Amino acid sequence: MTTLQTVFAKAKADDRAALIGYLPAGFPTKDGAIAAATAMVESGCDVIEIGLPYSDPLMDGPTIQDAVHRSLVNGTRIADVLRTVEGVAKTGAATLVMTYWNPIDRYGADRFARDLANAGGTGTITPDLTPEESGPWREASAQAGIDTVFLVAPSSPETRIKAVAECCTGFVYAASLMGVTGARETVSEAAEGLVERTRKQTSLPVCVGLGVGTGAQAAQVARYADGVIVGSAFIRRLLDAQDEASGLAAVRKLGAEMAAGVRA
Amino acid sequence: MTVTDGILTSADLAGHGVHGDDPDTDGKFGVFGGRYVPEALIPALDEVAAEYDKARNDPAFIGEFDHLLRTYAGRPTTLTDVPRFSEHAGGARIVLKREDLTHTGAHKINNVLGQALLTKRLGKNRLIAETGAGQHGVATATAAALMGLECVIYMGAVDCERQALNVARMKLLGASVVPVTNGSQTLKDAINEAFRDWVANVDHTHYLFGTIAGPHPFPEIVRDFARIIGVEARRQILELAGRLPDAVAAAVGGGSNAIGIFHAFIEDQGVQLHGYEAGGRGKENGEHALTLTEGSIGVLHGSRTYVLQDDEGQTIESHSISAGLDYPGVGPEHAWLKDTGRATYHGITDAEAMDAFALLARTEGIIPAIESSHALAGALKLGRELGPEALLLVNLSGRGDKDMGTAMKYFNL
């Protein structure tokens, strides 16, 4: 299992930012997700976030909503998510699960942490779990030896950034803008300031997500962040593709563009 | 300081000290409630909570709210004895709290006026809201028009069709109505979409949450603004009947009208509290909204509460003939009242509700909302159980004008 610590140490040694790609399990199909995530790794992603599809994704924009809906229609279960993690972890990428809290709550925090670790997962990102409610999950994760990543936002005052960062291991996820997931024309100017403010509260790597859709944007973010997170742009390539092969080709092309971006 | 010359006193909003107290600092009712939301929204929720804390202790705010309730919403609403309807309840005496007589036709106006005033205190100029039956959307659009605020209402596309009349009302009042086409296209999806709007526009927008669900402080604020229903009803029934009722009955979707009438009676241990959820086509085939009676504990829309969910935490789509009860979650305070045993919750099927709907119309000349008809159907059963000496207070939470389309189809009118 490749750890986040290894990834960030290596990226730092190369004097570049890490590239983190997101894809929901079960999209475009159960096997197709493993194939697409593998293509993302082969074209340059250092870390893969496997999304756990949830019926009420209230911080996601239309692209991820669409993909998640298709995944649920495909009948994706937590066992499929774990199988996807296992498949992707074998590529050598550090593999995280990104999920809303309720599926873990229902599955059982200890059980999920243990099963994820056994599948080769290196941790989770939980966008709707606040520091106040995160105690049981952090304990379960520590027990299973996996990382916990939480989000800070442009609206977060210093006290909240500090509280969130103290709950994080692995890295801190800086949401670049006030809004839902999805590629944007430009990366919000708020991102750089948020990374700066977060660095004052923690020595952990700080990665930026939300709204990054092009290699040029990745290059721009890589100048100040330790990692660049790309989700909707990859998914868009798969949604727009005529067939699986052309989808994978488009994913590889974008992955290469992003990988060049974080090295610029 | 207590303001006493209105119908509302500062004690009605501040420090009523019921069941040990307001939710604790994390917004918990026992293990229920809290905040499960993106970090981006935490500062906005903190801001709303802090401003509400100031407002509810501010005589000027309470005075203004009270003034609007009396001169705009039409409060206090009356109690009505319904003897001909009661004959079908084994002779128990049923008294209705007439929230259907408020401006806009449902109890929703109480919460909306309070929160719209709060929005102005927050210095924000745009309101967004979710709506199921459309009553909360209409009430929000009404308050926005009254106070000169921009207004966007999110409504499931299925509900837009079921409640076309209310869509037209909202538009006439100057609101934009956005049909939500993802997920089940009902209330839960409208809430998701409203949260997405809020996180992107939170600097100038208040999310005027319509029920006692959602992240802290919404369950507390909405309850406090709805609480006037029970505060009035308690005084009125003592005057009318010379005693407290044996039971209070209300319909429960998200739970705001029910908590509104229950809350003032929680400390009256002799008063039973009964909530009636939408049993839809029956629990056997899974087409219902029996969140408290058939659901399990989970997290939905930012709050820990009872949820209709599968074994892996995916929300199960609810069903009810009444759009306002068609919701797979419920306010955390009801979850708490259920688990402590202080209130009891039951299911009423679509058919039982429609029977009660027609019965009240024919026996008393009152056409109730289909939501409220669930409480009426519950009261019919409860009356037969408690016997002819029993006194039942039922929250008639809204009127049925908006439901004529459904009634025409259901009864072949």
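Definitions and limits used
Residues numbered from 1 in each chain as written. Chains lettered and ligands numbered in written order. Predicted model: local features only at pLDDT ≥ 70, side-chain atom pairs only at ≥ 80, totals over all residues. Heavy atoms only, no water. Helix = DSSP H or I, 4+ residues; strand = E, 2+ residues; numbered from the N terminus. Contact = heavy atoms within 4.5 Å. Polar contact = N/O pair within 3.5 Å; in protein donor to acceptor, adjacent residues only side chain to side chain. Buried area = accessible area lost by both parts, 1.4 Å probe. Salt bridge = Lys/Arg side-chain N within 4 Å of Asp/Glu carboxyl O. Nonpolar A, V, L, I, M, F, W, Y, C, P; charged D, E, K, R; others polar. UniProt positions renumbered as here; feature names shortened; annotations may be inferred. Pairing = 2+ DSSP bridges. Axes fitted to C-alpha atoms, helices over the stretch in contact; angles between N-to-C directions. Buried < 20%, exposed > 50% of the residue type's maximum accessible area, 1.4 Å probe, protein only. Domains from an automatic or database assignment. Arc of directions from axis to C-beta.

*Asks:* Quick one: what's the story with the environment of Ser320(B), residue by residue and with numbers?
*Replies:* All names here are of chain B. Considering the arrangement of structural elements, one finds Ser320 in the loop between strand S13 (303-307) and helix H14 (332-340). The spacing of Ser320 and Gly365 is 45 residues in sequence and 25 Å in space, taken between C-alpha atoms. Excluding anything up to four places from it in sequence, Ser320 contacts Arg162, Ala278, Gly280, Leu325, Asp326, Asp350 and His374. At 2.9 Å, the side chain of Ser320 forms a polar contact with the backbone nitrogen of Ser322.

*Asks:* Please give an account of the interface of chain B and chain A that cites residues and values.
*Replies:* In this complex, chain B contributes 35 residues to the contact, which on the side of chain A involves 36 residues. Contact with chain A buries surface across chain B, with Glu39(B), Arg196(B) and Glu312(B) losing the most and accounting together for 25% of the total. The tally of links from chain B across to chain A stands at six salt bridges. Between Glu133(A) and Lys28(B) there is a salt bridge, with its nearest N and O atoms 3.2 Å apart. Here chain B is connected to chain A by 24 residue pairs in polar contact (both at pLDDT 80 or more). Listing elements by their share of the side of chain B that touches chain A, those giving two or more residues are helix H2 (42-55), helix H9 (187-201) and strand S12 (296-300) of chain B. Looking at the side of chain B that touches chain A residue by residue, the class counts come to 13 nonpolar, ten polar and twelve charged.

*Asks:* I'd like a rundown of the UniProt feature "active site" (unreviewed entry) in chain A, residues and numbers included.
*Replies:* All names here are of chain A. The UniProt entry lists Glu49 and Asp60 under the feature "active site" (unreviewed entry), expressed in the numbering used here. Residue position: Glu49 is located in strand S2 (residues 47-51). What Glu49 contacts, discounting residues up to four positions off in sequence, is Ile20, Gly21, Tyr22, Leu23, Leu96, Met98, Ile125, Tyr173 and Ile229.

*Asks:* Go over the sheet that holds strand S7 (residues 172-175) of chain A with me, naming the residues and quoting the values.
*Replies:* Residues and elements named next belong to chain A. If you walk across this open sheet you meet the nine strands as S5-S4-S3-S2-S1-S9-S8-S7-S6, and the pairing is parallel. In this open sheet, the two edge strands, each paired with only one partner strand, are strand S5 (147-149) and strand S6 (151-152). Looking at chain direction, strand S3 (residues 94-98) and strand S4 (residues 123-125) are connected through three bridges and run parallel. The residue bridging Val97 from the neighbouring strand is Thr124, located in S4. Packing of helix H12 (residues 244-263) onto the sheet brings it into contact with strand S1 (18-24) and strand S9 (227-230), and relative to S1 it is tilted by some 150 degrees.

*Asks:* I'd like a rundown of the UniProt feature "domain: Tryptophan synthase beta chain-like PALP" (unreviewed entry) in chain B, residues and numbers included.
*Replies:* In this structure's numbering, the residues bearing the UniProt feature "domain: Tryptophan synthase beta chain-like PALP" (unreviewed entry) are residues 72-398 of chain B. For residues 72-398 of chain B, the helix share is 42%, the strand share is 22%, and the end-to-end C-alpha distance is 17 Å.

*Asks:* Break down the pattern of salt bridges for me, with residues and values.
*Replies:* Residue and element names in this part refer to chain B. Under the counting rule described, the total for this entry stands at 46 salt bridges over all chains. With a shortest N-O distance of 2.8 Å, Asp46 and Arg35 are connected by a salt bridge. A residue pair is termed long-range when its members are at least 10 positions apart, and Asp46 in helix H2 and Arg35 in the loop between strand S2 (32-33) and H2 qualify at eleven residues. The class of Arg35 is buried, set by a relative accessible area of 11%. Where Arg126 meets Glu150, a salt bridge forms, and the shortest distance between an N and an O atom there is 3.6 Å. Taken together, the positions of Arg126 in strand S5 (residues 126-131) and Glu150 in strand S6 (residues 150-156) put the pair 24 residues apart, joining distant regions of the chain. By relative accessible area, Arg126 is classed as buried at 8%. For Glu150, a relative accessible area of 45% gives the class partly exposed.

*Asks:* Break down the domain arrangement of chain B for me, with residues and values.
*Replies:* Residues and elements named next belong to chain B. On domain assignment, one finds that chain B holds domain 1 (27-73 + 108-218) and domain 2 (79-105 + 227-411). The centre of domain 1, based on its C-alpha atoms, is set 22 Å off from the matching centre of domain 2. Of the residues lining the interface, 41 residues belong to domain 1; the matching set on domain 2 comes to 41 residues. In total, about 3100 Å² of surface goes out of reach between domain 1 and domain 2, with carbon and sulfur atoms giving 62% of it. Considering only the side of domain 1, the residues that lose the most area to domain 2 are Phe32, Tyr36 and Ile212, jointly responsible for 23% of the buried surface there. Where domain 1 touches domain 2, the interface holds zero salt bridges. For the pair domain 1 and domain 2, the interface holds eleven residue pairs in polar contact (both at pLDDT 80 or more). Of all elements in the fold, only S2, helix H5 (108-121), helix H6 (135-147), helix H7 (157-162), helix H8 (164-172) and H9 reach the threshold of two or more residues within the side of domain 1 that touches domain 2. No other element matches the five residues that H9 contributes to the side of domain 1 that touches domain 2. Class assignment of the residues belonging to the side of domain 1 that touches domain 2 gives a composition of 19 nonpolar, 16 polar and six charged.

*Asks:* Which residues make up helix H1 (residues 4-13) of chain A, and what values go with them?
*Replies:* Residues and elements named next belong to chain A. Buried within H1 we find Leu4, Val7, Phe8 and Ala11. One side of H1 holds all its buried residues, which, seen down the axis, span an arc of 90 degrees. Exposed and facing more than 90 degrees away from the buried side of H1 are Lys10 and Ala13. Lining the buried residues of H1 we find S1, S2, S3, S5 and strand S8 (206-209).

*Asks:* Please set out unusual backbone geometry residue by residue, giving values where relevant.
*Replies:* The residue after Phe27(A), namely Pro28(A), is reached through a cis peptide bond having omega 0 degrees. As for its position among the elements, Pro28(A) is in the loop between S1 and helix H2 (30-42). The backbone of Asp15(A) sits at a positive phi, close to 60 degrees, despite the residue not being glycine. With respect to the secondary-structure elements, Asp15(A) resides in the loop between H1 and S1. Phi is positive for Thr104(B), which is not a glycine, with a value near 75 degrees. Among the residues examined, Thr104(B) registers a relative accessible area of 7% and is labelled buried.

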